[in-house]
Amino acid sequence: MDFPKFLLGDNTDYPDAIFIIHTEFPRFILNLEDDEVEWLEDFDAADERELASEAEGLIQQANDFYDREISRYDE
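Throughout what follows, the structure given in this document is the object of discussion. (Residues numbered from 1 in each chain as written. Predicted model: local features only at pLDDT ≥ 70, side-chain atom pairs only at ≥ 80, totals over all residues. Heavy atoms only, no water.)

1. Details of the environment of Leu30
Here is the rule: Helix numbering and strand numbering both begin at the N terminus, where a helix is a DSSP run of H or I of at least 4 residues and a strand a DSSP run of E of at least 2. The buried label goes to any residue with under 20% of its type's maximum accessible area, the exposed label to any with over 50%, and the partly exposed label to all in between, with areas taken from a 1.4 Å probe on protein chains only.
Topologically, Leu30 is positioned in strand β3 (residues 28-31). Owing to a relative accessible area of 0%, Leu30 belongs among the buried residues under this scheme. Along the sequence, Leu30 and Gly9 sit 21 residues apart, while their C-alpha atoms lie 9.8 Å from each other.

2. Regarding the pattern of salt bridges
Under the convention used in this document: We define a salt bridge as a side-chain nitrogen of Lys or Arg found within 4 Å of a carboxyl oxygen belonging to Asp or Glu.
Scanning all chains against the criterion turns up 3 salt bridges. Between Glu69 and Arg68 there is a salt bridge, and its shortest N-O distance comes to 2.7 Å. Given a relative accessible area of 18%, Glu69 falls into the buried group. Connected via shared salt-bridge partners are Arg68, Glu69 and Arg72.

3. What to know about the packing of aromatic side chains
Selection criterion: We call Phe, Tyr and Trp rings a pair once their centres come within 6.5 Å, taking the six-membered ring for Trp, and we label the pair stacked below 30 degrees between planes, edge-to-face above 60, and tilted otherwise.
Counted according to the given criterion, the structure contains 5 aromatic pairs. Residues Phe6 and Phe65 carry aromatic rings whose centres are separated by 5.5 Å and whose planes lie at 25° to one another, so their mutual orientation is stacked. Here Phe65 lies in helix α1 (residues 45-74) and Phe6 lies in strand β1 (residues 6-9), a separation of 59 residues in the sequence. For Phe65, a relative accessible area of 11% translates into the label buried.

4. Looking at the nonpolar core
The following threshold applies: Only buried residues count toward a nonpolar core. Its members are Ala, Val, Leu, Ile, Met, Phe, Trp, Tyr and Cys residues joined through side-chain atoms within 4.5 Å. Only heavy atoms enter the contact rule, under which two residues are in contact if any of them lie within 4.5 Å.
One finds Phe6, Ile20, Phe28, Leu30, Leu32, Leu58, Ala62 and Phe65 forming the largest nonpolar core, which totals 8 residues. Here this core gets 3 residues from one element, more than from any other, and that element is α1. Other than its neighbours up to four places away in sequence, Ala62 contacts Phe6, Ile20, Phe28 and Leu30.

5. With respect to the side chain of His22
Defined as follows: Think of a polar contact as two N or O atoms within 3.5 Å of one another; within protein, one of them needs to be a possible hydrogen donor and the other a possible acceptor, and neighboring residues in sequence only count if both atoms come from side chains.
Tracing the backbone shows His22 in strand β2 (residues 19-22). Here His22 falls in the buried class, since its relative accessible area comes to 1%. Among the polar contacts made by the side chain of His22, one reaches the main-chain carbonyl oxygen of Glu24 at a distance of 2.9 Å. Those residues in contact with His22 that sit more than four places away from it in its chain are Lys5, Phe6, Arg27, Phe28 and Leu58.

6. Some words on the sheet that holds β3
Convention followed: We treat two strands as partners when DSSP finds at least two bridges between them. Only the contacting stretch of a helix is used when fitting its axis, a line to C-alpha atoms as for every element, and angles between N-to-C directions run 0 to 180 degrees.
Pairing is antiparallel in the open sheet, where 4 strands are placed in the order β1-β2-β3-β4. For this open sheet the edge positions go to β1 and β4 (36-39), each flanked by a neighbour on one side alone. Adjacent strand axes in the sheet meet at a mean angle of 20° when their direction is disregarded. With 4 bridges connecting them, β3 and β4 associate as antiparallel partners. Within β4, the residue paired with Asn31 across the bridge is Glu36. Seen against the sheet, α1 touches β1, β2, β3 and β4 and runs at an angle of roughly 60° to β1.

Put into structure tokens, the structure is as follows:
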């Protein structure tokens, strides 16, 4: 099954949180309520250096995705 690169998620146990799920490597969940990121991958030291340079761009893409999705509700 193919998934989109980003998915929106919510959960009634976290009523103020909106989650963005990144489904491609490196997979993560971003909580927009507090900008906390939970990585769903295990990284070694070399991966962590690469991830540090890539993470900012991925998180920006996740925020852009959210903004785009919300703007579509307004249409």
